[in-house]
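So you can see what is in the structure, the chains are spelled out below.
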Amino acid sequence: MLLILCCVILLIIQRDTESTQVIGGRRTVVLGEDVDLSCRLIETDEELEQITWQKSTWEETQNHNFMLIHPNGVTKFIAPNGLAGRVQFIGNPSENLGSIRITAVRLLDEGTFTCIFSVFPSGAYNTEIPLTVLVPPVVNVTVDVTPVTGENEVVLATCVAAGAKPQADVKWKTGTLGSLLRTVTNSTQHANGTTTVLSHLLGVPTRAANQQQVQCVVNQSALVTEKTYNYSINIHYPPQSLNITLSETSKTTVLLCVADGNPQPNYTWSRLVQPWPGSSVRAEGDKLHLLSLNSELNGLYVCEASNPYGRATGSLYVHISSETSAVCWVLLVILCLIVSAALVWYRWKYGQFPWSSIVAKAPEQTISISSKTRRHDKVEEGEDDSLAATVQTRKEPEEEEEVS
């Protein structure tokens, strides 16, 4: 009879303990963020003796205790193991809640955490909580060697999604370039579980492709949304399409030398045959200021545009001749008015005009600036055209006077 009673009691205890369990769950966190590892003991009224936390992570693969929590809520670190100062108890022993919080999660924290409740008299109950750490990629769009115009296919840009966990998905949007470009993608797995993806954009480097916009699109689990990175294709080529123009918008007459080149060309001005006209001109990069319009400036001026890949030259002929000032016309009008007034007064007083008459012709002055195209440029690594401008003036006799 006593044996039967003992068996009944054991069956009741077994039925109760079978329903007792610790609940938790898998957790995922982004590198550097905080994570709560929750665990709770349910379906028991037994006395809690302690809560123990264990871990097996990238930092230490051997499973071991790192934290004890007593029924009064007092915590004790057995071995910090990289968690010192970053883990805290956020549960409540009276409610059989054993949750902890880990701050500033590292990649080395990834692994399996075990929450163990020890109760009397039935013993220990536990649950495993896998922790996965996501690492967002470090993205950079660049090119190792700047391409130079040519006929062979080269790498125009490289999109790097480095150190991501899991591996990032990298794609290109090429816009109007479309089928002219293609992509080659490869990846490298690192010992810490992260992956670096390199996606190369290949095509034939042409002037038309220079400064064209493309986009690298990156998608990955640690990113809230996909990221788009704009990039302007940069292609180097020698100066070409050199053109010299004449501008009079400022206080001085300016010759402007313009050439298409990448990188931006450096400009040098010179005058053929004749010496440089000294203080009459001032060269400032692509501009040549004609400070005073006189015959000393006459001559053939050459502009050279150069960069590390070549140079181009263009020339412009300047001719200036002296002229009298247009103010003479004003003086002529004033003189005519004076003479007319004198004649009117003379006739009013004497009833006739004087026998003598004066006929004057004002000095004539004109200034003309004309331009014409001359093809005597020399372009290294390609020929081009330049603008030749002629600045001309002419001088008329200063004055003619006839007295009769």
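Parameters at a glance
- Residues numbered from 1 in each chain as written.
- Predicted model: local features only at pLDDT ≥ 70, side-chain atom pairs only at ≥ 80, totals over all residues.
- Heavy atoms only, no water.
- UniProt positions renumbered as here; feature names shortened; annotations may be inferred.
- Core = buried A, V, L, I, M, F, W, Y, C linked by side-chain atoms within 4.5 Å.
- Buried < 20%, exposed > 50% of the residue type's maximum accessible area, 1.4 Å probe, protein only.
- Helix = DSSP H or I, 4+ residues; strand = E, 2+ residues; numbered from the N terminus.
- Contact = heavy atoms within 4.5 Å.
- Lys, Arg positive; Asp, Glu negative; His and termini not counted.
- Salt bridge = Lys/Arg side-chain N within 4 Å of Asp/Glu carboxyl O.
- Polar contact = N/O pair within 3.5 Å; in protein donor to acceptor, adjacent residues only side chain to side chain.
- Disulfide = S-S within 2.5 Å.
- Pairing = 2+ DSSP bridges.
- Phe/Tyr/Trp six-rings, centres within 6.5 Å; stacked < 30°, edge-to-face > 60°.

- Under an unreviewed UniProt entry, the name given to the protein chain is Nectin-3 isoform X1, and the organism recorded is Salmo salar.
- UniProt's Sequence similarities (unreviewed entry) comment on the protein chain is quoted here verbatim: "Belongs to the nectin family."
- Of the protein chain, the UniProt comment under Subcellular location (unreviewed entry) reads exactly: "Membrane".

**What about the nonpolar core?**
- Of all hydrophobic cores here, the largest spans 28 residues; its most connected members are Leu37 and Trp53.
- Broken down by secondary-structure element, the contributors of at least two residues to this core are strand E3 (35–37), strand E5 (47–57), strand E6 (64–69), strand E8 (87–89), strand E9 (100–102), strand E10 (111–120) and strand E11 (123–134).
- Discounting chain neighbours no more than four positions away, the residues touching leucine 37 are Arg27, Trp53, Ser99, Ile100, Ile102, Phe113, Ile129 and Leu131.

**Quick look at the side chain of asparagine 210**
- Positionally, asparagine 210 belongs in the loop between strand E16 (195–203) and strand E17 (213–219).
- Not counting chain neighbours up to four residues away, the residues in contact with asparagine 210 comprise Ile233, Asn234, Ile235, Tyr237 and Asn262.

**Observations regarding unusual backbone geometry**
- Here the amide bond leading from phenylalanine 120 into proline 121 is cis, since omega sits at 15°, within 30 degrees of zero.
- Mapped onto the fold, proline 121 is located in the loop between E10 and E11.
- Residue proline 166 follows lysine 165 across a cis peptide bond; omega there is 0°.
- Relative to the helices and strands, proline 166 resides in the loop between strand E13 (154–164) and strand E14 (169–173).
- The backbone of glutamine 211 shows a phi angle near 65°, a positive value even though the residue is not glycine.
- One can find glutamine 211 in the loop between E16 and E17.
- In this structure, valine 273 is a non-glycine residue whose phi angle is positive, near 70°.
- By secondary structure assignment, the location of valine 273 is in the loop between strand E21 (266–271) and strand E22 (281–284).

**Topic: the side chain of arginine 271**
- Tracing the backbone through its elements, the reader meets arginine 271 in strand E21.
- Summary of buried charges: arginine 271 has no salt-bridge partner, and the nearest side chain of opposite charge, glutamate 296, is 7.5 Å away.
- Reaching out from arginine 271, the side chain makes a polar contact with the backbone oxygen of proline 275 at a distance of 2.4 Å.
- Here asparagine 298 takes part through its backbone oxygen, which lies 2.9 Å from a polar atom of the side chain of arginine 271.

**So, the state of the cysteines**
- Taken as a whole and judged by the stated rule, the model has three disulfides.
- Put simply, cysteine 39 and cysteine 115 are joined by a disulfide, and their sulfur atoms are 2.1 Å apart. Around the S-S axis, the bridge from cysteine 39 to cysteine 115 shows a dihedral of about 55° and counts as right-handed. Linking cysteine 39 in the loop between E3 and strand E4 (40–42) with cysteine 115 in strand E10, this pair joins segments that are 76 residues apart in sequence. Cysteine 115 carries the same exposure label as cysteine 39, and that label is buried.
- In this model, cysteine 257 is linked to cysteine 303 through a disulfide, with the two sulfur atoms separated by 2.1 Å. Looking down the S-S bond of the cysteine 257 and cysteine 303 bridge, the torsion is -95°, so its handedness is left-handed.

**Here's the deal with the pairing of E17**
- When E14 meets E17, the two strands line up antiparallel, connected through five bridges. Looking at E17, one finds that lysine 173 is bridged to glutamine 215.
- Of the strand pairs in this sheet, E17 and strand E18 (residues 227–232) are connected by six bridges, and their pairing is antiparallel. Of the residues in E18, the one forming a bridge with valine 214 is tyrosine 231.

**Points about the pattern of salt bridges**
- Per the stated rule, a full pass over the model turns up ten salt bridges.
- Notably, a salt bridge pairs glutamate 304 with arginine 311, separated by 2.7 Å at the nearest N-O pair.
- Overall, glutamate 304 belongs to the partly exposed group, its relative accessible area being 22%.
- Taking relative accessible area as the criterion, arginine 311 reaches 32% and is therefore assigned partly exposed.

**With respect to the packing of aromatic side chains**
- In total, this model carries two aromatic pairs according to the counting rule given.
- Look at phenylalanine 66 and phenylalanine 113: their rings are 6.0 Å apart centre to centre, the planes differ by 85°, and that puts the pair in the edge-to-face class. With phenylalanine 66 in strand E6 and phenylalanine 113 in strand E10, this pair connects stretches of sequence that are 47 residues apart.
- By relative accessible area, which is 0% here, phenylalanine 66 ends up buried.

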